[in-house]
Amino acid sequence: MKYTQLGRTGLKVSRLVLGTMNFGPQTDEADSHAIMDAALDAGINFFDTANVYGWGENKGRTESIIGNWFAKGEGRRDKVVLATKVYGNMGADGPAWPNHDKLSAVNIRRAVDASLKRLQTDYIDVYQFHHIDRDTPFEEIWQAIDVLVQQGKILYVGSSNFPGYKIAQANEIAARRGGTIGLVSEQCLYNLAERRAEMEVIPAAQDYGLGVIPWSPLHGGLLGGVLKKEVEGKRRASGRAADALADPAVRAQIQSYEDLLDKHGIEPGEAALAWLLTRPGVTGPIVGPRTAGQLASAVRAAELELSEELLTGLDEIFPGPGPSPEAFAW
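Owing to the predicted nature of the structure, the values given are computational and were not obtained by experimental measurement. (Residues numbered from 1 in each chain as written. Predicted model: local features only at pLDDT ≥ 70, side-chain atom pairs only at ≥ 80, totals over all residues. Heavy atoms only, no water.)

> Would you mind showing me how to read the overall build of the protein chain here?
Helix and strand content of the protein chain: 14 helices and ten strands. For 330 residues, the compact-globule formula gives about 20 Å, and the C-alpha radius of gyration of the protein chain, at 20 Å, lands near that figure. Its C-alpha atoms give the protein chain principal-axis dimensions of about 55 × 50 × 40 Å. Classification of the 330 residues of the protein chain by burial places 52% in the buried group. Contacts spanning at least 24 positions in sequence make up 76% of the contacts within the protein chain whose residues lie at least 6 apart. With the model as given, the accessible surface of the protein chain reaches about 14800 Å², and the carbon-plus-sulfur share is 50%. Positive and negative charge centroids in the protein chain, built from 34 and 42 side chains respectively, lie 4 Å apart. (Helix = DSSP H or I, 4+ residues; strand = E, 2+ residues; numbered from the N terminus. Rg over C-alpha atoms; globule rule 2.2 N^0.38 Å. Buried < 20%, exposed > 50% of the residue type's maximum accessible area, 1.4 Å probe, protein only. Contact = heavy atoms within 4.5 Å. Areas by Shrake-Rupley, 256 points an atom, 1.4 Å probe, with all protein chains shown as cover. Lys, Arg positive; Asp, Glu negative; His and termini not counted. Charge placed at Lys NZ, Arg CZ, Asp CG, Glu CD.)

In structure tokens, the structure reads:
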């Protein structure tokens, strides 16, 4: 496994990030623990989760599964760079009780303590804002974060789903306050089929020294060989992939993608991950395996070297939007 610095920090993280969103809803605790052990064995040291994972009445379940794994000892916690998130309503489904969601100082304090308890640890390496909070000024957010850093409960702060201007705003206000390192990472939707982040989010992250952590690298399975799996009767597309394939133009595009990779003898899902690892500013994509086999496939992708011919072919099938402002100005 290869490693890189997380943005402008001295923190070394693996080029693959283990996503844990399936732990609980789709993968039981025993299998989740086995996947985390296998990830460490493969050299993956960067684990990503969120306080809301588990979903519905089971919100927090994923963090608890990870916490139980840490409790097994044998250096598990010390080997992991742990990232979790705050923003969502942790109560029952429906409107949140006042101050029980988003990024107010009171909710950040409450959410950190609750995550630490579930995770059975005394600190979080990278605490991420899961969404922008349009009602809370960054001055308040950074004041709350400074206290948590001083208390040793968190070490670094990242964002998720932030537009470029909010990355800039957050870090400019952090710089004006002094003594606050600001955002060090951005977790965004980015893959071959969804490249809008290249216009402003990734350039902003690069300018401010944030590592970029793409989520949904296979775009909900669309880039994982979905048409081939349909033909072989292994699995039918669902969710985002099924919605996209309802468009004949998208189906033709994905067919061209799978045909190109078949010509080069590379599995589509592995190629999609390997492509992200070639992109400027990307720290590493989040892989969310449901099984040990899916994790093994992701690890193989981290070692793939894509030829210039193949990279050119992928760009022809999935052209990026181009830089901002040219992409939308003319």
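> Even after reading the chapter, I still don't get the pairing of strand β9 (residues 211-215), so can you show me in this structure?
A regular strand places its side chains on the two faces of the sheet in alternate fashion. Summarising burial for β9: four of the five residues are buried, a large majority. Across five bridges, the pairing between strand β8 (residues 183-189) and β9 is parallel. Within the sheet, the bridge partner assigned to S185 lies in β9 and is G211. Taken together, β8, helix α7 (residues 201-207) and β9 form a β-α-β motif whose crossover is right-handed. (Pairing = 2+ DSSP bridges. Right-handed = clockwise from strand over helix to strand, strands pointing away.)

> For this particular structure, what's the right way to read empty space enclosed by the protein?
Remark: the empty space left among the atoms is shown by a probe the size of a water molecule rolled over them. In this structure the tally under the stated criterion is one cavity of 30 Å³ or more. The volume enclosed by the largest cavity comes to roughly 40 Å³. What lines the largest cavity is L103, I132, D133, T136, F138, I141, F162, K166 and Q169. Among the elements of the structure, α5 (138-150) and α6 (164-177) are those that each provide at least two residues to the lining of the largest cavity. Its residues placed into classes, the lining of the largest cavity shows five nonpolar, two polar and two charged. (1 Å grid on protein atoms, 1.4 Å probe; cavity = no way out; pocket = protein on both sides within 12 Å on 5 of 7 lines; lining within 4 Å. Points joined across faces, edges and corners; volume = space filled by probe spheres on them. Nonpolar A, V, L, I, M, F, W, Y, C, P; charged D, E, K, R; others polar.)

> It is not clear to me how the sheet that holds strand β6 (residues 124-129) should be interpreted in this structure. Could you clarify?
Pairing between the strands of a sheet comes from backbone hydrogen bonds, and it takes one of two forms, parallel or antiparallel. Across the sheet, eight strands lie side by side as β9-β8-β7-β6-β5-β4-β3-β10; this open sheet has parallel pairing. Single-partner strands in this sheet number two, and they are β9 and β10 (286-287).

> Looking at this structure, I do not really get α5. What am I missing?
Along an α-helix, residues three or four positions apart point the same way, because every turn accommodates 3.6 residues. In this model α5 runs 18 Å from its N-terminal to its C-terminal C-alpha over 13 residues, within 8% of the 18 Å that 1.5 Å per residue would give. Here the buried face of α5 lies against α4 (105-119), β6, β7 (154-160), α6 and β8. Remark: G152 follows α5 within two positions and exhibits a positive phi of approximately 80°. (Expected span 1.5 Å × (residues − 1).)

> Help me understand the environment of K85 in this model?
Residue placement: K85 occurs in strand β5 (residues 81-86). Spatially, the C-alpha atoms of K85 and I124 are 9.9 Å apart, while their sequence positions differ by 39 residues. Residue contacts for K85: discarding those within four places in its chain leaves D48, T49, A50, N51, Y53, Q128, H130, S160 and Q187. Side chain to side chain, K85 and D48 meet in a polar contact 2.9 Å long. (Polar contact = N/O pair within 3.5 Å; in protein donor to acceptor, adjacent residues only side chain to side chain.)

> What should I look at first to understand the packing of aromatic side chains in this one?
What describes a pair of aromatic rings is the distance from one ring centre to the other and the angle between the planes of the rings. Summed over all chains, the structure comprises seven aromatic pairs. Among the aromatic residues, ring-to-ring pairing joins F47, W69 and F70 into one connected group. Above the plane of the ring of F70 lies R77, whose end atom (NZ or CZ) is 5.3 Å from the centre. (Phe/Tyr/Trp six-rings, centres within 6.5 Å; stacked < 30°, edge-to-face > 60°. Lys NZ or Arg CZ within 6 Å of the ring centre and 35° of its normal.)

> Just to check I follow, could you spell out the layout of surface pockets for this structure?
By volume, the largest pocket is sized at about 1400 Å³. If you trace the largest pocket, you find 49 residues lining it, with L218, G220, G221, G288 and R290 closest to the centre. Among the elements of the structure, α8 (226-232), α9 (239-245), α11 (268-277), β10 and α12 (292-302) are those that each provide at least two residues to the lining of the largest pocket. By residue class, the composition of the lining of the largest pocket is 16 nonpolar, 21 polar and twelve charged. Approximately 210 Å³ is the volume attributed to the second largest pocket. Lining the second largest pocket are N161, F162, P163, E186, C188, L189, E194, R196, A197, V201 and W215. For the lining of the second largest pocket, the leading source of residues is β8, giving three residues. Split into classes, the residues belonging to the lining of the second largest pocket amount to seven nonpolar, one polar and three charged.

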